[in-house]
Amino acid sequence: MRLNEIVYTDAKPVDGYGPGFFRIGGEVYEGALVILPGGIAPWGGFDDAKTLTDAVADVDVIFVGTGAEMDYLPADLRQTLEEAGIGVEVMASPTACRTYNVLLSEGRRVGLALLPV
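Quantities reported herein were computed from a predicted structural model and do not represent experimental measurements.

A separate point is the nonpolar core. By size, the foremost hydrophobic cluster in this structure holds 18 residues, and its most contacted members are Trp 43, Leu 52, Ile 62, Val 64 and Ala 113. Breaking this core down by element, the ones donating at least two residues are β4 (33-36), α1 (49-53), β6 (61-66), α2 (75-83), β7 (87-91) and β8 (110-115). Setting aside anything within four residues of it in sequence, one finds Val 64 in contact with Trp 43, Phe 46, Leu 73, Val 88, Glu 89, Val 90, Met 91, Ala 96 and Ala 113. Listed in part, the 17 residues of the second largest apolar core include Phe 63, Leu 104, Val 110 and Leu 112.

Okay, here's the thing in structure tokens:
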């Protein structure tokens, strides 16, 4: 088997997660957060569409992690993101982290919004 080292650009991958926290680029962050090309910031959850729509020029798709289990995105948030021209994929936070890392390693224009597990 051939193994290749993954090289990330300026964006930081998700290294791990646990109850109430995420480890990104070696640093621990607590609570809900968003990872965009501009950096890592706290996220207000489903009521905070502005943080995500402000990234419209930098991302093509945002993965939304809904916590330990897959849940539906509120219709108004999905509509706001789609009207802004941002693709949105909803999944459980662990799956969103893995998917984000894969696409990030491919150099894709992705963002990640996470609710803690």
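As enumerated under the stated definition, the model contains one aromatic pair in all. Ring centres 6.3 Å apart and planes at 80° place the aromatic pair Trp 43 and Phe 46 in the edge-to-face group. Note on Trp 43: relative accessible area 5%, which makes it buried. On the accessibility criterion, Phe 46 (24% relative accessible area) is partly exposed.

Looking now at the sheet that holds strand β1 (residues 14-18). Read from one edge to the other, the open sheet built from three strands follows the order β1-β2-β3, with strand pairing classed as antiparallel. The strands lining the two open edges of the sheet, one partner per strand, are β1 and β3 (27-30). Going from strand to strand, the sheet's axes swing by 20° on average, the running direction of each strand aside. Examined bridge by bridge, strand β2 (residues 21-24) and β3 share four bridges and lie antiparallel to one another. Each bridged residue has a counterpart across the sheet, and for Phe 21 the counterpart in β3 is Glu 30. Relative to the sheet, helix α3 (residues 93-105) contacts β1 and β2, its axis offset from that of β1 by approximately 175°.

Take the pairing of β2 next. Of the two faces of β2, the one holding Phe 22 and Ile 24 is buried and the one holding Phe 21 and Arg 23 is not buried anywhere. Summarising the sheet, β1 and β2 pair through four bridges and their orientation is antiparallel. Note that in β2 the partner of Val 14 across the bridge is Ile 24. Hairpin connection of β1 to β2: two residues between the antiparallel strands, including Gly 20 at a positive phi of 85°. Linkage of β2 to β3, two consecutive antiparallel strands, is achieved through a turn of two residues, within which Gly 25 is found at a positive phi near 55°.

Before going further, it helps to spend a moment on the confidence of the model for the protein. In this model, the protein carries a mean pLDDT of 92, and residues with pLDDT of at least 70 account for 91%. Per-element mean pLDDT across the protein ranges from 95 in α2 up to 98 in β8.

Definitions and limits used
- Residues numbered from 1 in each chain as written.
- Predicted model: local features only at pLDDT ≥ 70, side-chain atom pairs only at ≥ 80, totals over all residues.
- Heavy atoms only, no water.
- Core = buried A, V, L, I, M, F, W, Y, C linked by side-chain atoms within 4.5 Å.
- Buried < 20%, exposed > 50% of the residue type's maximum accessible area, 1.4 Å probe, protein only.
- Helix = DSSP H or I, 4+ residues; strand = E, 2+ residues; numbered from the N terminus.
- Contact = heavy atoms within 4.5 Å.
- Phe/Tyr/Trp six-rings, centres within 6.5 Å; stacked < 30°, edge-to-face > 60°.
- Pairing = 2+ DSSP bridges.
- Axes fitted to C-alpha atoms, helices over the stretch in contact; angles between N-to-C directions.
- pLDDT = per-residue confidence, 0-100.

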